[in-house]
Amino acid sequence: MPPGPGWHRLLCSGTSAARLEPVTCPAGDAFVFDTENVLAVGQAPVMAVAFGLEGWYCWCSPMLFGGPPVADDELAPEHLVPMYGPGDDPDRPRLIAGHFVAFDRAKIKEEYSLQRTGSRFLDTMSLHIGMRGLTSNQRTLKLMAKRGRFANKRWAEYQRDRKQRGADSVDEDNFGRLAWVSDSALNNLADVFALCTGEDAEADAKLELRDYFVSGSLADVRDRLRKLLAYCARDVWMTHRVLARQWKDFDKHFPSPVTLGGLLEMGSVLLPTNSSWNKYRRLSQTVYDRLQDGQRQTLQRLADEAVKKFANGGHELDPWLWDLDWSVGKSKTGLPKWYRDLVPKPVEKNAAQGASLITAQMRVAPKLLRLTWRGFPLHHDSELKWGRLVPGRNPSPAEVDPRYFNPDNSRLLSDQPAIKTVAAGSSELRFPLAAYCRACLPSLLRCLRQHELLDQQQQRRRQRQAWWRRFSADLAGSLRMLPVDEIGRAELEAALTAMESGAAGDDGEGGREAGKEEYDWERHLPCALTATPLAEGAAFKRAANPSIDACWFCALPHPQGTSVGNPLSKSFLAAIDAGLLCSDRPEVGELLRMHARCTYWQGASKRVNSQLALPLVHGGEGGGIRLILPQVVAMGTVSRRAVEPLWLTASNARPDRLGSELKAMVQPPPGYRLVGADVDSQELWIASMAGDAEFDDDAGGGNGERRRIHGATAVSWMSLRGSKAEGTDLHSVSARLINVSREHAKVLNYARFYGSGAGNIAKLLCQFDPGIDKQLAMDKARKLLRETKGSRSGGVWRGGSESFLFNHMERIAGLQSPRTPFLGAALSCALRAGSTGGDFATSRINWVIQSSAVDYLHCLLVACRWLTAKYGIDARFAISIHDEVRYLVRDSDTMRFALALQLANLLTRAFFASRLGFRDLPQSVAFFSGVDIDSCMRKDPLDDCVTPSNSAGLRLEYGIEPGVTLDIEKILQATGGRLDKSA
């Protein structure tokens, strides 16, 4: 047991008992390191353990020896773990390794400095992911298998894909024998340790001790200090064992030292900020609360209006409110059950407050808002979730059942039986069919006129089909039995007359066509009533709970293909913008707009507030300056892309997104600037240049007899010479090809490069335009692939503008041990064809292009590091977000660093071209189109980042002036083309 706070070294000599010796910090140049904190207190570390060549060390916080708890808003560098002692040289190189080491780095005192220390951080979790990690799909399958869960959609899709390729089926008995399963592990330390050593990590015992940090108190940890220090030390021991095994294979997997240099550089990210950080959080939360209050007041008013209908029985005829729980029971308030659930408890005492607990996330909200999808009122089914009801289903085709029909006119009754089942049993409700038809009749008529069965261009083909007459008769009977008023009936008859005239043609060829498509009224009729392609007829089901025999149920189209739990979720913002999801009440339109504005902050606020923005370790470096150390996993995916939950996924500022000015809160201290650039079309250039090389090889070149030509393929030519302004660049051409916006075409192009097929591209088109016909989306996707990827012939792609590009990627992905053409980085063992067979082929193609882009980033970072060190430029790496890099640079060195960044890019581009056999480099890609020099981090230095929480803009609200963007010519003018200080 350590006698007090601070660092202690464990001394062992011979057979004598071990003892602890106080030291200022661990000695040595390399450590394996781990920290722990108590969640109930906050993010302040309470203990740490380090192991190196000089032995074992442990550190304890004063909190464990009677010191006061330190909350996150009180946290300062003096509460953190020191890694340098008095008089130590902070520039002395040190390697600190850990499993998810970015978490531990944020607890080290000396890292909160503008001047970089000599410490570098190596993450064993990153190494595992890059060398033996899993794709997200593999990880999900393995995790489900580990828990014995095989009956789910993900497993069904995996089995279907294997069956289509003719591979053996997989079940719980033989899943573990798959090579990729046995040669991989999930990312947690226990599983990685077991994979690397073959030993049991005793995970259950460790979890029991871990719970004291997760759910225990500071006193719980203090009382078990010895055991919990041993727990922390065991994590360090396991990490050391893992690192030792990984390091043996590292050079074979990543043969270039540039890869290691890039990883170490990525481990030193930092983001400077100031008082703007807390101001941003305060303003965002204030505006969010105000908008939430506005939504709540509107919903509360609508709830009160709904209760008024209860008094006169009007709720029974309301297409939205009819199936709420209107029971009063023994309540003295006289309020229905659904309303009482929205009143603070006890209800009798707080009834005067009304439905003050209501939010837009509650199931009752869409009903109170009277939301419709394409004009059909939304309906919630306990089993099928949110969707819409489609009237016109014959509940008793064999007879005129008096439970459903009026015997006087054979029309459906105005209200229909509906059985609702809950845990306590079943009860019968009455579904207001007539009121529902009245609400959706305009949409019903519109759909009838728009459906492909009634399209004039389709009539001749339809007339030849034997089932056409039966279909038209059934559809006419369906519509004529609806309980609508006289005006509505006349409009329906007009639509039926138009339809029946198309059924009166000659069907002499019907015998030849009769067997091509089986007629099914349960599939074809609802398609016609909702203008849905026949191929999607299976989407219509019988309403399950409550069961309603007189309607079909059609689920809302979720972008991910799942059932919809909340139609006001982020996934439906595009549908709200497009007017597909709307309401006929004007105040609801404003509420939906408020809801859309709140969504970003609602999702990001927890991650924003969890960021540690701590003062500088030496206060004299800059008053008010704070630093955030993002917890970046340098290789967070098998494609080696970095992962971090907030900054690497942050949105650019948008006028309709509350809190989206987040990145602009990264602001350098006085005397510094943020300098950076976006790598222009990085992955497109890499892929198209690879296609050029493939073309040259296919034509018999590449053997040294002639020079390879940039722009030899269509996609490469568009990449190099295409103009956005003239509409000749790749994204503009793709946009025209399938009639979408250039922004959407750009997403589709990259999805295609990453291996997406027609199904996934069609799904993206549906996300962009929730109202698009799914068959039309699939047709557009196939057209795009046909014109770009081409068609497969003789095992290769031919005839498309990108055929050579895909042949190159598939050739590499199909190798037994695929490597990037540039730094020679190898694919994860768990994804290689030898381990997976034909499984996960799309992920391997994705890896070729994305992992090559990571090579590019590593080359760029290492070149910048070399140039800044060589020429004494005061600059340090801040962060890389996608294809964007940002550096913190001293004011006096901004121009020299801008030139260094341009030269680093030139060197990287030239290296990449040379690795593919090219001897020259087009000037159009040699340099960044512009280097940004700015006082904050934003996409465009001229963007004032106006958002709902920053309505005045950065200039007025935060005093941030516009930045500048300099091209290579302006940089050369400013520096004279020199990197030394004489520039």
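These numbers were taken from a predicted model, which means no experiment stands behind them. (Residues numbered from 1 in each chain as written. Predicted model: local features only at pLDDT ≥ 70, side-chain atom pairs only at ≥ 80, totals over all residues. Heavy atoms only, no water.)

**Focus: a positive patch on the surface**
Link 1 in the chain: A cluster of like positive charges, contributed by Lys 153, Arg 154, Arg 160 and Lys 763, occupies part of the molecular surface.
Link 2 in the chain: A relative accessible area of 46% means that Lys 153 is categorised as partly exposed. (Patch = residues over 30% accessible without salt bridge, like charges linked within 9 Å, V, L, I, M, F, W, Y side chains within 5 Å. Areas by Shrake-Rupley, 256 points an atom, 1.4 Å probe, with all protein chains shown as cover. Salt bridge = Lys/Arg side-chain N within 4 Å of Asp/Glu carboxyl O. Lys, Arg positive; Asp, Glu negative; His and termini not counted. Charge placed at Lys NZ, Arg CZ, Asp CG, Glu CD. Buried < 20%, exposed > 50% of the residue type's maximum accessible area, 1.4 Å probe, protein only.)

**Observations regarding the sheet that holds strand β20 (residues 626-628)**
The strands that make up a sheet are held in pairs by hydrogen bonds between backbone atoms, and each pair lies either parallel or antiparallel.
Link 1 in the chain: Read across the open sheet, the 3 strands follow the order β8-β20-β19; overall the sheet is antiparallel. Each end of this open sheet is capped by a strand with a single partner; those strands are β8 (271-273) and β19 (613-615). Taking the axes of each pair of neighbouring strands and ignoring which way they run, one obtains an average angle of 35 degrees across the sheet.
Link 2 in the chain: The sheet contact formed by β8 and β20 spans 3 bridges and is antiparallel. Opposite Thr 273, over in β20, you have Arg 626 as the bridge partner. (Pairing = 2+ DSSP bridges. Helix = DSSP H or I, 4+ residues; strand = E, 2+ residues; numbered from the N terminus. Axes fitted to C-alpha atoms, helices over the stretch in contact; angles between N-to-C directions.)

**Some details on the sheet that holds strand β27 (residues 964-966)**
Link 1 in the chain: Spatially, 5 strands are ordered β24-β25-β21-β26-β27 in an open sheet, and the strand pairing comes out antiparallel. Taken across any chain shown, the strands that pair with only one partner, and hence form the sheet edges, are β24 (875-881) and β27. Adjacent strand axes in the sheet meet at a mean angle of 25 degrees, parallel and antiparallel pairs treated alike.
Link 2 in the chain: Of the pairings in the sheet, the one linking strand β21 (residues 672-678) to strand β25 (residues 884-890) comprises 7 bridges and is antiparallel in character. Bridge assignment links Leu 674 to a residue of β25, and that residue is Leu 888.
Link 3 in the chain: Docked against the sheet, helix α31 (residues 841-870) engages β24 and β25, running at close to 15 degrees with respect to β25. (Contact = heavy atoms within 4.5 Å.)

**Quick look at the packing of aromatic side chains**
How two aromatic rings sit relative to each other is set out by the distance from centre to centre and by the angle between their planes.
Link 1 in the chain: Tallied over the entire structure, the rule returns 29 aromatic pairs.
Link 2 in the chain: Note on Phe 431 and Tyr 436: the rings are 5.5 Å apart at their centroids and 55 degrees apart in plane angle, and the pair reads as tilted. Residue Phe 431 shares its accessibility class with Tyr 436, and that shared class is buried.
Link 3 in the chain: What links up through ring pairs into an aromatic cluster is the set Trp 155, Tyr 158, Phe 175, Trp 180 and Phe 840. (Phe/Tyr/Trp six-rings, centres within 6.5 Å; stacked < 30°, edge-to-face > 60°.)

**Focus: the side chain of Asp 934**
Link 1 in the chain: Of note, Asp 934 is situated in strand β26 (residues 931-934).
Link 2 in the chain: Side-chain polar atoms of Asp 934 contact the side chain of Arg 938, separated by 2.7 Å.
Link 3 in the chain: Filtering out sequence-adjacent residues up to four positions away, Asp 934 remains in contact with Pro 668, Arg 673, Leu 674, Pro 941, Glu 961, Pro 962 and Gly 963. (Polar contact = N/O pair within 3.5 Å; in protein donor to acceptor, adjacent residues only side chain to side chain.)

**Here we look at the pairing of β26**
Link 1 in the chain: Both faces of β26 are covered, namely the face carrying Val 931 and Ile 933 and the face carrying Asp 932 and Asp 934.
Link 2 in the chain: Pairing of β21 with β26 involves 3 bridges; the strand directions are antiparallel. Considered in β26, the bridge of Gly 676 is made with Asp 932.
Link 3 in the chain: Note: β26 against β27, 3 bridges, orientation antiparallel. Across the sheet, Asp 932 pairs through a bridge with Thr 965, a residue of β27.

**Quick notes on the domain arrangement of the protein**
By a widespread convention, an interface's size corresponds to the accessible area lost as its parts come together.
Link 1 in the chain: Domains assigned within the protein are domain 1 (6-131 + 187-253), domain 2 (135-183), domain 3 (275-369 + 585-614), domain 4 (371-455 + 469-490 + 529-584) and domain 5 (625-685 + 818-982).
Link 2 in the chain: Centre-to-centre, using C-alpha coordinates, domain 1 lies 60 Å away from domain 4. (Domains from an automatic or database assignment.)

**As for the packing of helix α2 (residues 124-132) against helix α9 (residues 225-253)**
Link 1 in the chain: Relative to each other, α2 and α9 sit at 45 degrees, their axes nearing to 10 Å. For the element pair α2 / α9, the angle class is oblique. Crossing of α2 over α9 shows left-handed handedness. Across the interface between the two elements, Thr 124, Leu 127, His 128, Gly 130 and Met 131 from α2 touch Thr 239, Val 242, Leu 243, Gln 246, Asp 249, Phe 250 and His 253 from α9.
Link 2 in the chain: Broken down by class, the residue content of the contact of α2 with α9 amounts to 5 nonpolar, 6 polar and 1 charged. (Parallel < 35°, antiparallel > 145°, perpendicular 65-115°, else oblique. Left-handed = near helix turned anticlockwise from the far one by under 90°. Nonpolar A, V, L, I, M, F, W, Y, C, P; charged D, E, K, R; others polar.)

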